[in-house]
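Summary of the model geometry
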Number of protein chains: 4
Amino acid sequence: MIVAVIGLGYWGPNMVRNFLACPGVNRVLACDLDAERCEQTARRFPGLEIVADLDEALSRADAAVLATPLSTHHALGMRALDAGCHLLVEKPFTETSAQAQELIDTARCRKLTLMVDHTFLYTGAVRKMAALNQSGDLGRLLYFDSVRVNLGLFQHDTNVIWDLAPHDLSIMDHILGGAPEAVQAVGARHYYEHEDMAYLTVRYPNDLLAHIHVNWISPVKVRQILVGGSNRMLMYDDMEPSEKIKVYDKGVEIKDREQVWETLVSYRTGDMWAPRLEQAEALSLIAREFIASIKEGRRPLTDGESGLRVVRVLEAAQKSLTQGNVFVPLAD
Amino acid sequence: MIVAVIGLGYWGPNMVRNFLACPGVNRVLACDLDAERCEQTARRFPGLEIVADLDEALSRADAAVLATPLSTHHALGMRALDAGCHLLVEKPFTETSAQAQELIDTARCRKLTLMVDHTFLYTGAVRKMAALNQSGDLGRLLYFDSVRVNLGLFQHDTNVIWDLAPHDLSIMDHILGGAPEAVQAVGARHYYEHEDMAYLTVRYPNDLLAHIHVNWISPVKVRQILVGGSNRMLMYDDMEPSEKIKVYDKGVEIKDREQVWETLVSYRTGDMWAPRLEQAEALSLIAREFIASIKEGRRPLTDGESGLRVVRVLEAAQKSLTQGNVFVPLAD
Amino acid sequence: MIVAVIGLGYWGPNMVRNFLACPGVNRVLACDLDAERCEQTARRFPGLEIVADLDEALSRADAAVLATPLSTHHALGMRALDAGCHLLVEKPFTETSAQAQELIDTARCRKLTLMVDHTFLYTGAVRKMAALNQSGDLGRLLYFDSVRVNLGLFQHDTNVIWDLAPHDLSIMDHILGGAPEAVQAVGARHYYEHEDMAYLTVRYPNDLLAHIHVNWISPVKVRQILVGGSNRMLMYDDMEPSEKIKVYDKGVEIKDREQVWETLVSYRTGDMWAPRLEQAEALSLIAREFIASIKEGRRPLTDGESGLRVVRVLEAAQKSLTQGNVFVPLAD
Amino acid sequence: MIVAVIGLGYWGPNMVRNFLACPGVNRVLACDLDAERCEQTARRFPGLEIVADLDEALSRADAAVLATPLSTHHALGMRALDAGCHLLVEKPFTETSAQAQELIDTARCRKLTLMVDHTFLYTGAVRKMAALNQSGDLGRLLYFDSVRVNLGLFQHDTNVIWDLAPHDLSIMDHILGGAPEAVQAVGARHYYEHEDMAYLTVRYPNDLLAHIHVNWISPVKVRQILVGGSNRMLMYDDMEPSEKIKVYDKGVEIKDREQVWETLVSYRTGDMWAPRLEQAEALSLIAREFIASIKEGRRPLTDGESGLRVVRVLEAAQKSLTQGNVFVPLAD
């Protein structure tokens, strides 16, 4: 299979590296409007073939990987599909849910695979979180709280929500399942016209509350997700070199509402447990999943629909930002 | 001076211990409706005198310390002031701002000292934060983000906001200064009729955004405040045994908007610095401040007005909770 | 029972507090040559009775607690035993093993309980370590490595080994069991005639190697013990607020010595697990154990023999320090 | 300049990568006896030229990089020098000091550059440590304590001392300066004929004591160096993602020996400070230093002499291991 990587900015070279090493890939082409970037990347990856003309690249390739700015995803994605290429799109998928829907419909029509690069779903940590939830170990989910803050990297064409929150929204989509009911967002702009910090609150049925803090101007890098369940709770700290997932056998029980308060609430504090996580690099698994889903003619784990669900929440969050921070309902 | 401690539940005995050791205090009386608690506390503090009747205690005391449930603060506070006692009230000050105002007015009329126990303002860490801000070291403040979460201790008569957020709101009142414009709150109830977790967002003028996460059902105890300034940023981690305050010489600069983006944003990353903090126990300083402000006839650091300002934000947050999570403006 | 606490310096008041609260103790007496200390302690613990004369205190008491400098342990201990008092001695037990033996013999003769205050053996963490070893979970023990360093508190009459290493030696005595074969010590003096930092190496049978780093001039406080077993390994970090004990399902296997090296060594990396620990204060358990062992006429957990075994290692370590840092054998 | 990398095991490919990117290097050749390794590395680095015959590689190259097992360093190093190649040798430099001396003498005779890959001396952290010491900020050095432990990677031809301690010994050589007086070592073997854990103690003049704990069978990875100075102390924690160096303004003062003890020792506890560190990759700097020192005809920072000094300590430590763990003097 021949894969064309479109865009050689920050993320593109990572894609090049992983597709070069991916079984089933015979050749990797790459395109970028910036000739210097092309040269640099060519020097770094001698197996890579730089193709100056995008249409030529798409016509030669079986599959295209879009690692270009968000504003180009829809147009370039359509061009790739029209050229008959299977398509893997960098997150966030598209600027609007309508664009996402059009890409999904087009891919379906043409029987092409459409996948979104929601990287975290391929990490050992998130797969373990999903397994812990599916097995019922956590009990009923109570909350999901994510803090994703650090200094930089400001994006010039989008705010911090569109840049960082897709990671959390895709993890939530995968783990919490079900449909969020509404989203609310508040942010602040300190340096230019886009928010550099923001808080998202997402309501789910059954009092499940999700909250995301994204921030480009934090002095410390934090990547922490707390998930509260009625049986167990977990913390996912992505900055830990090992033991990224810690499961706490802790909980609260409200017994008899008639009794006096002191005997009514009990707190359970048991062991903590850090399960071993699979170590495979997420990007390598993404490349393999893309190629495998094409070959097997099946939906990839992070298909266009999952990308669309994330874009819908982003769109509603943006609406909340501009409409007085109200909760914006998420239609089914 | 004779001090009467009213209420011997969780907090009262701490007050007893500190007033027993406070210079200028000749005698400490204590009252509680629960005879067993009285006996236990008497055994623990042999210098303490238990007085069964509240009115007798108030009539003998020069100053009263209220460590009773929130719902009793106004009535018992009025009773203490009416008995001619100077008054120190546990946080949160009162259930409503009207109650707070009445206590303030009454104390002023009777020329009695009125103080609220905003404990954190007496810690070395918060005093250092205030000094760093006042000296201009931080530059223009951009945000204040607090996470105050742990497992338990559920309060039976109030939600997590009224229980934990007063700490952050009093720190914000002290450090950020100025008047917050509006507050928004969202929470969830999983066990009984009060919220066990909540997020507060407080808007200040000049794009200063404050946010507080309070939670009784977190498996880990976190006490972290991030303060972003245009010159420097700091993290206050109260769980650190030493080096609770870390100051980061980090920042962002947007230079020339005409230039291309890459050369436009620069990130400054310099040293980190953990200033030495004063070690005195906050509660001991509160006792001393209460006695000193009475003797000197001056306002205490955490006077009734500061308590009122915190209650106003709590009241508005509560309103936001019950009115669709909108931003509720804070009148001057 | 009447308990006399002898010595009101750093440790004595803690003993006073715990024996005052200990069931079965009717009265606590205290003695110290320094009248001011006596007064201070009396103010702090109103239930305490200060007795100026040591002999009077010993004649009135059923049991004595020695919290005086090491150089006085033997003489005062003998005096207490001669007065018919059961005896609890602060660690380290005595200056020499001969002194320890004499106290043990005298107590046995007089049918009095003799106990040494090896505090750590009463903590939930050490009890859990012992349980994990006894159950075979750790497999064959390979090493015990302790780091116990901080800034201060210099002792004027002893070096850092006699001050800090008894903690580790008593933990080793309890957990590793068996008899150490030899000890070697090396240290350095930077400020006065006693070592302010030292390293001890203790050889056990079967290639079990123990090592202790004690240091009064470290900028950071570290309290970490690593125990390597052939099945599992554990880390005990006493500075952690919770999860002090972490058990790692990790190990090494050397398979077939004939095969090529790469396939010969395998590393097993499994889950990490932090068992819940009992929270009771160690000092309170010591007081209870002392009283209970007296009443039941049985050996306390940390009896004179355990104190003697620790003193023997200290003595040999001291000899190593002064005799060219050689390994000094430990006789049975 | 043409560089030949000899040995493509664990470390060789890193050298290939860095020399391929190093300015002034026109071509990189590589040799390994294992044809499969050659093929794999060739695939990974398309700019690399595999040369099957070592002599051919050495005859074509201007400079050789030895990344082969220790036992081959002397023979292959001599062969490279005899072929007229400048030489960079993986640490540890050689098996014996005589071998090291012969390489040094040969390189000097032939006016060839001889360098040893003491990687850590090129990190921002160690360079900052050296600067802090040279500026006198630390005062008189009191101790150097290193813990370098983790699980694996067992070496089949050498023990843990020869594998891990060269890092610490080269840092000590660079920072402590002066000549160590004697070294003592103790270790244990649990799996095969080489020590898998060991403790080294190195005595320096003026009561400066250095100690190194190296261990292949620790469940946690620790890379911590404490340096105690009379003015300030520092901790270098290489596992920290940022703030690897922390400088503590802490110290001890013994004032008047005639006074009573309590007023005699004072502890100074001031700020902590984490200086910004340079981020350049150490391996890239090593490649540049090698090329630059060749071009400029000057000694590299980590020349053969520095390699020899480290080998002398290793040799003496090995002697201590086999001769009853005595201190083995280090001749000048």
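So, a few notes on the structure that sits alongside this text. (Residues numbered from 1 in each chain as written. Chains lettered and ligands numbered in written order. Predicted model: local features only at pLDDT ≥ 70, side-chain atom pairs only at ≥ 80, totals over all residues. Heavy atoms only, no water.)

Right, let's talk about the interface of chain D and chain C for a bit. Taken together, the contact between chain D and chain C spans 49 residues of the former and 49 residues of the latter. Summing both sides of the interface, chain D and chain C together bury roughly 4,500 Å²; the carbon and sulfur share of this comes to 67%. Taken together, the links from chain D to chain C amount to zero salt bridges. The tally of links between chain D and chain C comes to 15 residue pairs in polar contact (both at pLDDT 80 or more). Counting residues per element, the ones that place at least two in the side of chain D that touches chain C are β7 (141-151), β8 (182-188), β9 (197-203), β10 (209-215), β11 (217-229), β12 (233-237), β13 (245-254) and β14 (265-274) of chain D. Per-class residue counts for the side of chain D that touches chain C are 25 nonpolar, 15 polar and nine charged. (Contact = heavy atoms within 4.5 Å. Buried area = accessible area lost by both parts, 1.4 Å probe. Salt bridge = Lys/Arg side-chain N within 4 Å of Asp/Glu carboxyl O. Polar contact = N/O pair within 3.5 Å; in protein donor to acceptor, adjacent residues only side chain to side chain. Helix = DSSP H or I, 4+ residues; strand = E, 2+ residues; numbered from the N terminus. Nonpolar A, V, L, I, M, F, W, Y, C, P; charged D, E, K, R; others polar.)

A separate point is helix α6 (residues 124-134) of chain C. All names here are of chain C. All of the buried residues in α6 are Gly124, Ala125, Val126, Met129, Ala130, Leu132 and Asn133. Looking at the buried side of α6, the elements it contacts are β7 (141-151), α7 (160-175), β11 (217-229), β12 (233-237), β13 (245-254) and β14 (265-274). Remark: Gly136 follows α6 within two positions and exhibits a positive phi of approximately 85 degrees. (Buried < 20%, exposed > 50% of the residue type's maximum accessible area, 1.4 Å probe, protein only.)

Take the packing of α6(C) against α7(C) next. All names here are of chain C. In contact at an axis separation of 9 Å, α6 and α7 are set at 30 degrees when each is read in the N-to-C sense. Looking at the two axes, α6 sits roughly parallel to α7. In this structure, the crossing between α6 and α7 has a hand that is right-handed. Note on element contacts: α7 touches α6 through Ile171, His174 and Ile175, opposite Val126, Met129, Ala130 and Asn133. For the contact of α6 with α7, a count of residues per class yields five nonpolar, two polar and no charged. (Axes fitted to C-alpha atoms, helices over the stretch in contact; angles between N-to-C directions. Parallel < 35°, antiparallel > 145°, perpendicular 65-115°, else oblique. Left-handed = near helix turned anticlockwise from the far one by under 90°.)

This next bit is on the relation of the copies chain A and chain B. Mapping chain A onto chain B calls for a screw motion: a turn of 180 degrees about the axis and a shift of 0.0 Å along it, with 0.0 Å RMSD after fitting. This pairing of chains is accounted for by a two-fold axis. Among all residues of chain A, the one whose C-alpha sits closest to the rotation axis is A:Val326, at a distance of 3.1 Å. With an isologous cut-off of 70% or more, the 100% of interface residues of chain A that recur at the interface of chain B puts this contact in the isologous class. (Least-squares fit on C-alpha atoms with pLDDT ≥ 70 in both.)

Following the criterion strictly, the structure yields 24 aromatic pairs over all chains and no others. Pairing A:Phe154 with A:Tyr192 gives two aromatic rings, centres 5.7 Å apart and planes at 45 degrees, and the pair type is tilted. Of this pair, A:Phe154 sits in the loop between β7 (141-151) and α7 (160-175) while A:Tyr192 sits in the loop between β8 (182-188) and β9 (197-203), and the two are 38 residues apart along the sequence. Accessibility assignment for this pair places A:Phe154 and A:Tyr192 in one class, buried. Ring centres 6.0 Å apart and planes at 45 degrees place the aromatic pair C:Tyr267 and D:Phe154 in the tilted group. Highlighted residues: C:Tyr267 in strand β14 and D:Phe154 in the loop between β7 and α7 (160-175), drawn from two different chains. With relative accessibility at 30%, the residue C:Tyr267 sits in the partly exposed group. Through successive ring pairs, a cluster of aromatic residues spans A:Phe154, A:Tyr191, A:Tyr192, A:Trp216 and B:Tyr267. It is A:Arg148 that lies over the ring of A:Phe120; its NZ or CZ is 4.8 Å from the centre. The ring of C:Phe327 is capped by C:Arg203, whose NZ or CZ atom sits 5.0 Å from the centre of that ring. (Phe/Tyr/Trp six-rings, centres within 6.5 Å; stacked < 30°, edge-to-face > 60°. Lys NZ or Arg CZ within 6 Å of the ring centre and 35° of its normal.)

This structure, assessed with the given rule, holds 84 salt bridges over all chains. Measuring nitrogen to oxygen at the nearest pair gives 3.7 Å for the salt bridge that ties B:Arg60 to B:Glu56. One end of the pair, B:Arg60, and the other, B:Glu56, are both in helix α3 (residues 54-60), four residues apart, so they sit about a helical turn from each other. The salt bridge involving D:Glu305 is made with D:Arg108; its shortest N-O contact spans 3.4 Å. Pair noted here: D:Glu305 is in helix α9 (residues 304-322) and D:Arg108 is in helix α5 (residues 97-109), with a separation of 197 residues, a long-range link. A single network of salt bridges, built from pairs that share partners, joins A:Arg27, A:Glu49, A:Glu56 and A:Arg60.

Attention now goes to the pairing of strand β12 (residues 233-237) of chain A. Residue and element names in this part refer to chain A. Most of β12 is tucked away: five of the five residues are buried. In the sheet, strand β11 (residues 217-229) pairs with β12 via five bridges, with the strands oriented antiparallel. The residue bridging Leu226 from the neighbouring strand is Met235, located in β12. Hairpin remark: β11 followed by β12, antiparallel, with three residues in the connecting loop. Bridge count between β12 and strand β13 (residues 245-254): four bridges; the pairing is antiparallel. Bridging from a neighbouring strand, Met235 pairs with Lys246 of β13. (Pairing = 2+ DSSP bridges.)

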